[in-house]
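For reference, the chains in residue letters:
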Amino acid sequence: MVQAMTIQANVNGGASVPELTQQVLQSANYIRAGSDLILQTGDGQEIVVDGYFHSNPPPALIADNGSSLSGDTVSLLAGPGPVQLAQAGGASEGVATAEQIGEVKALSGTATAQRTDGSQVELKIGTPVFQGDVVAVSQDGKLGITFEDGAVFSLSNGGTMVLDEMVYSAGGSSNKMLFTLVKGALGLVTGEIAGTGGVEVNTPAAVLAIRGTTVIAFELPESAQNDPGLSGFSEFIMCVECANGPFEALVPNAPPILVDDGNNTAVIVAAGGGQD
């Protein structure tokens, strides 16, 4: 039997939900029910945030440890209402008012995109992606997307990513890219926006602002996997490129750990990316 608890949202600030863990924040199924937000967990429980969508935009959703997702991101995760499934390339892909910002270039395993109208699309190589899409890949899969400015993103480890916003004009000075990694692992090679505007990747635990060309690997290098300081971590690991090859792993609530694999790489990893 489904167990539900109802929480009153504080729309004057972040909607802080003490009963909401970071794992649920990352892995729950987000549902819009009128003005309420319902979070369905893998074990059959529901958290109902009463009146969450009364304000526009809604407040940030804050878990018990302070990790959070913005109201705009939560709105995209929840969609507008009931969800339907569309085949890639079909007539109903929920993109009537959305702007194409990229295209699937590589795929192993399975992947989907939730469009802004709530419809679900099975992604294939060549499928377009649009601003506002929520893309997800299977635990054993890897999804590669090339964006209009030449940036290349790789999503893996059962990842979910929200393509919040992209503004791009070739040679423009106010370009920007804003995405949210909800869970999983994300790798990227930045394109023109990183040099003429700004690239920002949000996670529930931190924000990575990228300027200039940075390569981000979609899984930890072997040297990091074997580092005892990284064993058993329960938060996000943010690895930010250093000047001459090494990069610094920033673990929330822990001292920085330097990892040197000899490459100019960086990595964003969400712990428990494939958990439900």
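Along each chain, the written sequence defines residue order, and numbers are assigned to residues from 1. Local features in this predicted model are restricted to residues of pLDDT 70 or higher, and side-chain atom pairs are both shown and tallied only at a pLDDT of 80 or more, whereas totals for entire chains, interfaces and linings draw on every residue. The side-chain values count all of the structure's non-hydrogen atoms but skip hydrogen atoms and water molecules.

Enquirer: So what's going on with the overall build of the protein chain? Residues and values would help.
Expert: Counting from the N terminus, the helices are the DSSP runs of H or I reaching at least four residues and the strands are the DSSP runs of E reaching at least two. When you go through the protein chain residue by residue, the secondary structure sums to four helices and 23 strands. Residues counted as buried form 48% of the 276 residues belonging to the protein chain. Contacts: residue pairs with any heavy atoms within 4.5 Å of one another. Across the protein chain, the fraction of contacts at a sequence separation of at least 24, relative to all contacts at a separation of at least 6, is 56%. As presented, the protein chain carries roughly 12200 Å² of accessible surface, and 49% of it is formed by carbon and sulfur atoms. Categorising residues by exposure relies on relative accessible area from a 1.4 Å probe, with only protein chains included: less than 20% of the type maximum marks a residue as buried, more than 50% marks it as exposed, and the intermediate range marks it as partly exposed. The method behind every accessible area is Shrake-Rupley, applied with a 1.4 Å probe, and residues are considered shielded solely by the protein chains displayed.

Enquirer: Which residues make up the pairing of strand β9 (residues 100–108), and what values go with them?
Expert: By this definition, two strands are paired if DSSP reports at least two bridges between them. Across three bridges, the pairing between β9 and strand β12 (residues 128–130) is antiparallel. Within the sheet, the bridge partner assigned to Gln100 lies in β12 and is Phe130. Two strands pair when backbone bridges link them, and β9 and strand β14 (residues 142–147) are joined in this way by six bridges, in the antiparallel orientation. If you follow Ala106 over to β14, its bridge partner there is Gly144.

Enquirer: Pulling in residues and values, what's your account of the nonpolar core?
Expert: Here, the term nonpolar core denotes a set of buried Ala, Val, Leu, Ile, Met, Phe, Trp, Tyr and Cys residues that are joined through side-chain atoms within 4.5 Å. Counting 26 residues, the largest nonpolar core has Val135, Leu143, Phe147, Phe153 and Met177 as its most contacted members. If you list the elements that add at least two residues to this core, you get β9, β10 (111–114), β13 (134–137), β14, β15 (152–167), β16 (175–189), α3 (193–196) and β17 (197–202). Residues in contact with Leu143, not counting those within four places in the same chain, are Val104, Ala106, Leu107, Ala111, Leu123, Val135, Val137, Phe153, Ser154 and Leu155. Residues Val74, Leu77, Val162 and Val182 belong to the second largest nonpolar core, which totals 21 residues.

Enquirer: Go over the environment of Gly109, please, and point to the residues and values.
Expert: Relative to the assigned elements, Gly109 resides in the loop between β9 and β10. Of the residues examined, Gly109 reaches a relative accessible area of 46% and is grouped as partly exposed. Through-space distance from the C-alpha of Gly109 to that of Gln139 is 8.1 Å; in sequence the pair is 30 residues apart. Beyond its immediate stretch of four places on either side in the chain, Gly109 contacts Ser138, Asp140 and Gly141.

Enquirer: Which residues make up helix α2 (residues 71–78), and what values do they have?
Expert: Among the eight residues in α2, six count as buried, and that is most of the element. Within the sequence span of α2, burial applies to Gly71, Thr73, Val74, Ser75, Leu77 and Ala78. Remark: Gly79 follows α2 within two positions and exhibits a positive phi of approximately 70 degrees.

Enquirer: For the pattern of salt bridges, give the residues involved together with the corresponding values.
Expert: Any Lys or Arg side-chain nitrogen found within 4 Å of a carboxyl oxygen on Asp or Glu counts as a salt bridge. All chains considered together, the criterion is met by three salt bridges. Residues Glu103 and Lys105 are paired through a salt bridge, measuring 3.2 Å at the closest nitrogen-oxygen approach. Classification of Glu103 by relative accessible area gives partly exposed; the value is 26%. Ionic pairing is found between Asp133 and Arg115, a salt bridge with its closest N-O pair at 2.4 Å. Pair noted here: Asp133 is in the loop between β12 and β13 and Arg115 is in the loop between β10 and β11 (120–122), with a separation of 18 residues, a long-range link. According to the relative accessible area criterion, Arg115 is buried, its value standing at 1%.

Enquirer: Please provide a residue-by-residue account of the pairing of strand β4 (residues 36–40), values included.
Expert: The pairing of strand β3 (residues 29–33) with β4 spans five bridges and is antiparallel. Bridging from a neighbouring strand, Ala33 pairs with Asp36 of β4. The turn joining β3 and β4, which pair antiparallel and follow one another in sequence, is formed by two residues; a positive phi near 65 degrees is taken by Gly34. Taken together, β4 and the strand that follows it, strand β5 (residues 45–50), pair antiparallel across an intervening segment of four residues, in which Gly44 is found at a positive phi of about 90 degrees.

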